[in-house]
Amino acid sequence: MKNRKTILVTGGAGFIGSHLCERLVKDKGNKVISLDNYFTGSKNNHIPGVEYRRGHTKDIERYVPEKPDIIYHLGEYSRVAASLEEPALVWDLNIAGTFGVLEFWRSRQCKLVYAGSSTKFTEVRSDGVRGRDLAPYTWAKAVNSELVGNYSRWYNLQYATVYFYNVYGPGERAGQFDGNYGTVIETFKQCFLNGQPCAVRKPGTQRRAFTHIDDTVSGIILVGQKGKGDDYGICSQEVYSLLGVARMFGCGIKMLPSTKTSRSSEVVDSAKIKSLGWRQTKTLKDYIKSIKQESKK
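Model, not experiment: these values are computed from the prediction.

1. A word on the side chain of His-73
Turning to step 1, where the next piece is worked out: You can see His-73 is positioned in strand β4 (residues 70-73).
Turning to step 2, where the next piece is worked out: Side-chain polar atoms of His-73 contact the side chain of Thr-98, separated by 2.9 Å.
Turning to step 3, where the next piece is worked out: Discounting chain neighbours no more than four positions away, the residues touching His-73 are Thr-10, Thr-57, Thr-98, Val-101, Leu-112, Val-113, Tyr-114 and Ala-115.

2. Some details on the pairing of strand β1 (residues 6-10)
Every regular strand shows the same layout, with side chains that alternate between the two sheet faces.
Turning to step 1, where the next piece is worked out: With 5 of 5 residues buried, β1 is to be regarded as a mostly interior element.
Turning to step 2, where the next piece is worked out: Of the two faces of β1, the one holding Thr-6, Leu-8 and Thr-10 and the one holding Ile-7 and Val-9 are both buried throughout.
Turning to step 3, where the next piece is worked out: With respect to chirality, the unit in which β1 leads through helix α1 (residues 15-25) into the neighbouring parallel strand β2 (residues 31-36) is right-handed.
Turning to step 4, where the next piece is worked out: Note: β1 against β4, 4 bridges, orientation parallel. Residue Ile-7 lies in a different strand from β4, and its bridge partner there is Ile-70.

3. Describing the pattern of salt bridges
Turning to step 1, where the next piece is worked out: Using the criterion set out here, one finds 12 salt bridges in the structure.
Turning to step 2, where the next piece is worked out: Between Glu-103 and Arg-106 there is a salt bridge, with its nearest N and O atoms 2.9 Å apart. Remark: Arg-106 and Glu-103 occur in helix α4 (residues 87-108); sequence separation between them is 3 residues, near one turn of the helix.
Turning to step 3, where the next piece is worked out: Bridged by salt links that share partners, the residues Lys-31, Glu-51, Arg-53 and Glu-66 form one connected network.

4. A word on the sheet that holds β2
Turning to step 1, where the next piece is worked out: Ordered by their spatial adjacency, 7 strands build an open sheet running β3-β2-β1-β4-β5-β6-β11, and the pairing between neighbours is parallel. Of all the strands in the sheet, just β3 (51-54) and β11 (229-234) have a single pairing partner and so form its edges. In this sheet, neighbouring strand axes are inclined to one another by 20 degrees on average, regardless of whether the strands run parallel or antiparallel.
Turning to step 2, where the next piece is worked out: The pairing of β2 with β3 spans 4 bridges and is parallel. If you follow Asp-36 over to β3, its bridge partner there is Arg-54.
Turning to step 3, where the next piece is worked out: With respect to the sheet, α1 is in contact with β1, β2, β4 and β6 (158-164), its orientation differing from that of β1 by roughly 165 degrees.

What counts and how
In this convention, every chain numbers its residues from 1, walking through the sequence in written order. Confidence filtering applies because this is a predicted model: local features only for residues at pLDDT of at least 70, side-chain atom pairs given and counted only at 80 or more, and all residues used for totals across whole chains, interfaces and linings. Each side-chain value is worked out from all heavy atoms of the structure, with water and hydrogens disregarded. A run of H or I in DSSP counts as a helix once it spans at least four residues, and a run of E counts as a strand once it spans at least two, with each numbered from the N terminus. Throughout this description, a polar contact denotes any pair of N or O atoms lying within 3.5 Å of each other; where both atoms belong to protein, one of them has to be capable of donating a hydrogen while the other can accept it, and for residues adjacent in sequence the pair is counted only when both atoms sit in side chains. Note on contacts: a residue pair is in contact if any heavy atoms of the two residues lie within 4.5 Å. Only protein chains enter the area calculation, which uses a 1.4 Å probe; residues under 20% of their type maximum are buried, those over 50% are exposed, and those in between are partly exposed. By convention a crossover is right-handed if, when the strands point away from the viewer, the path from the first strand over the helix to the second runs clockwise. In this scheme, strands are said to pair when DSSP sees at least two bridges between them. Any Lys or Arg side-chain nitrogen located within 4 Å of an Asp or Glu carboxyl oxygen qualifies as a salt bridge. Lines fitted to C-alpha atoms define the axes, with helix axes restricted to the stretch in contact, and inter-axis angles between N-to-C directions lie between 0 and 180 degrees.

In structure tokens, the structure reads:
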């Protein structure tokens, strides 16, 4: 097929990656390849029409001989607090793994969309710690976003970097129900459905901008099509405290000690991605309302 494109998604069997693959494969003229090591990805997330390959991104040349038209690099370790307990794993997946992807990008001369971490934009805490220095994960992601920009400049490569803000929606992993890699909203959802109290880290006033997976994926694809350079923040316009979210679910609340990675985040300026045509279409309030309504059936 003349206009057929080959699209590579690293981490395509994960939460965000699987939703991205599902949207990409709807354009039936394209070949969509997922490379995932299944550390947090799952075969349950497989989408018909996507070609799945199991492997580490540092060995990407072994698994992907093709030349993609675009690479969506989502396949990295992605938990802040847990990374304090496993820095070697973060280094392997996010430093060695991403270096492999960048070298692959350099050899293929295609476009790269990199999923950066919004934690690097977190305001400096009262103790002087910057968001990028909270944990091995936040540091690695900040360094990688800078390295992507440098690779583009050094080797004249096309790229765009997107930043996610507490993505929620169908297919998330749930905290105490799913090890240390769960997300806040799904964990609270499962607490609500199981009649358990929501565990909230002190002080509970930490604020987050939660963004629906559908809006996030729309932003990723738009940036893949039109984006150039850094700073594409895909962020909802509402901000909630963790205690506020637990109360929206109507759960009891169990307070837990704070952690070294406790922080707040505010709404990011999404003007750059909005200039491409992106708009938020879903809210956390409506999502929680739908969960509560569904539970009554």
